[in-house]
Amino acid sequence: MKYLYSLFFFLRHAFLKKHYSIVFYSPHHFNRGEKGQNLFFKKLIEICDHKGISYIFFEEPYINSNFTRSNLAIPFDFIYYFVVFLRKLFPKSLSDIEKDRKIGRYIKALFLQRFSFDNFITISQSMLSVFYGINHNAKLFDLQHGTIHASKDTYLFNGLVSDNLKKNDVYLFLSGLGFKNILVNNENNKYFDKHSIVIGSLIPEANFFQNKKNKNVLVSLQFTNDHSDSENNNIAQSLLNQINQYSDFHFFLRKHPRFNNEFDLSKFTSIPNVSIIDGKLQDNLRTCSIHLTTYSTVVFEAALLGIPSSFLKIDNFKMNIFSSQYNYPYYDYNLKKIYDNYDECSFQSKQWVKSYYESFSNNNFFNALKNEK
């Protein structure tokens, strides 16, 4: 049904003249709010509605996702599968960026000749080169959705800016100055100094405070196909050690949004002090006083509520970034030490997070847009 609607939409727009200030674009596994709402775009779209900024929201299908498709977005299914097909026809000598730019120009000629836009805002750098090919005069933005560190190769590696960002002249929307400083201080040139805009956090303001400590631990699992089997096994063993060591704590396991049965969780659920928990993250955090993870962004969201985090220690750079990159206070504290010093850990976590998740700035967002200053 979504594919047919998408096909009809783009065939019709081959003949309709339309201009938008902003094209929003996102894979649909980011629909993590109620009724399939994309919380990353929610506030930005509300600003556009309030200020009368014209926009359209395209949603990319994600085959392995169980998340609901948005009723507010235009399904990008037809064009997406057309892109996937065309990618296979180009010679391997062409880079992925060159392929996608050529594909973008084909799409423009076939379906979007009378379709124009000034700004393109995407998540996880999706379709940047394709939309550069569709309109190389537009201003392209990537909206931060997770952690950023000095060796995250989609942003920066060995001091060099990712080609996908640099060659497409992409600007970053960041949630805090702390992230911008990491990028600026670890690059060889000054790309991120001029291409990073701190707009603040898109997470809804915290509506409760965690006043009463308990021995419930929310575990943000990170078993995904992003990791090798060896990495997933190391995480699992470290978690098992924690569960067995702290038998007086109860561990509530929350699956990663892109979890697709990459790991059998039965080895955990058979243990008496372990449960699976689902639903909204803030509801999960109401249940627990402490958060446990390897390197999930839930650390930031928990800290906003004064909930301290403990960490599964894995000998891997990207899994130790809260120590090496973010200087998380009490990184080396175990669950018992956090529990025994709870008020201090709670307070310092809230202080620490302020440089990474700042208050949202309407003006910073609005002023960054092309033709909206």
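Refer to the structure presented above.
Owing to the predicted nature of the structure, the values given are computational and were not obtained by experimental measurement.

Colleague: In this structure, what is going on with the environment of S220? I would like to understand it.
Modeller: Assignment of secondary structure puts S220 in strand β10 (residues 216-220). For the pair S220 and N241, spaced 21 residues apart in sequence, the C-alpha to C-alpha distance is 16 Å. Once you skip the residues sitting within four places of it in the chain, S220 turns out to touch R254, H291, L292, T293, S296 and V298.

Colleague: Explain the packing of helix α1 (residues 2-12) against helix α3 (residues 77-87) to me, please; I cannot follow it from the model alone.
Modeller: Relative placement of two packed helices is described by the angle separating their axes and the distance separating the axes. Running from N to C, α1 and α3 cross one another at 90 degrees; their axes reach a closest spacing of 7 Å. The orientation of α1 relative to α3 falls into the category roughly perpendicular. Contacts from K2, Y3, S6, L7 and F10 of α1 reach α3 at D77, F78, I79 and Y81. When the residues that make up the contact of α1 with α3 are grouped by side-chain class, the tally is six nonpolar, one polar and two charged.

Colleague: What is the right way to read the pairing of strand β13 (residues 290-293) from this model?
Modeller: On any regular strand, side chains alternate: one points to one face of the sheet, the next to the other face. Neither face of β13 is left uncovered, since the one carrying I290 and L292 and the one carrying H291 and T293 both have all their residues buried. Pairing of β10 with β13 involves three bridges; the strand directions are parallel. The residue of β13 that forms the bridge with V217 is I290.

Colleague: What is the right way to look at the pairing of strand β1 (residues 18-27) in this model?
Modeller: Extensive coverage of β1 is indicated by the burial of eight of its ten residues. Inspection of the sheet shows β1 paired to strand β4 (residues 115-123) by seven bridges, in the parallel sense. The residue of β4 that forms the bridge with Y20 is F117. Each parallel crossover has a hand, and the one from β1 via helix α2 (residues 39-51) to strand β2 (residues 55-60) is right-handed.

Rules behind the numbers
Residues numbered from 1 in each chain as written. Predicted model: local features only at pLDDT ≥ 70, side-chain atom pairs only at ≥ 80, totals over all residues. Heavy atoms only, no water. Helix = DSSP H or I, 4+ residues; strand = E, 2+ residues; numbered from the N terminus. Contact = heavy atoms within 4.5 Å. Axes fitted to C-alpha atoms, helices over the stretch in contact; angles between N-to-C directions. Parallel < 35°, antiparallel > 145°, perpendicular 65-115°, else oblique. Nonpolar A, V, L, I, M, F, W, Y, C, P; charged D, E, K, R; others polar. Buried < 20%, exposed > 50% of the residue type's maximum accessible area, 1.4 Å probe, protein only. Pairing = 2+ DSSP bridges. Right-handed = clockwise from strand over helix to strand, strands pointing away.

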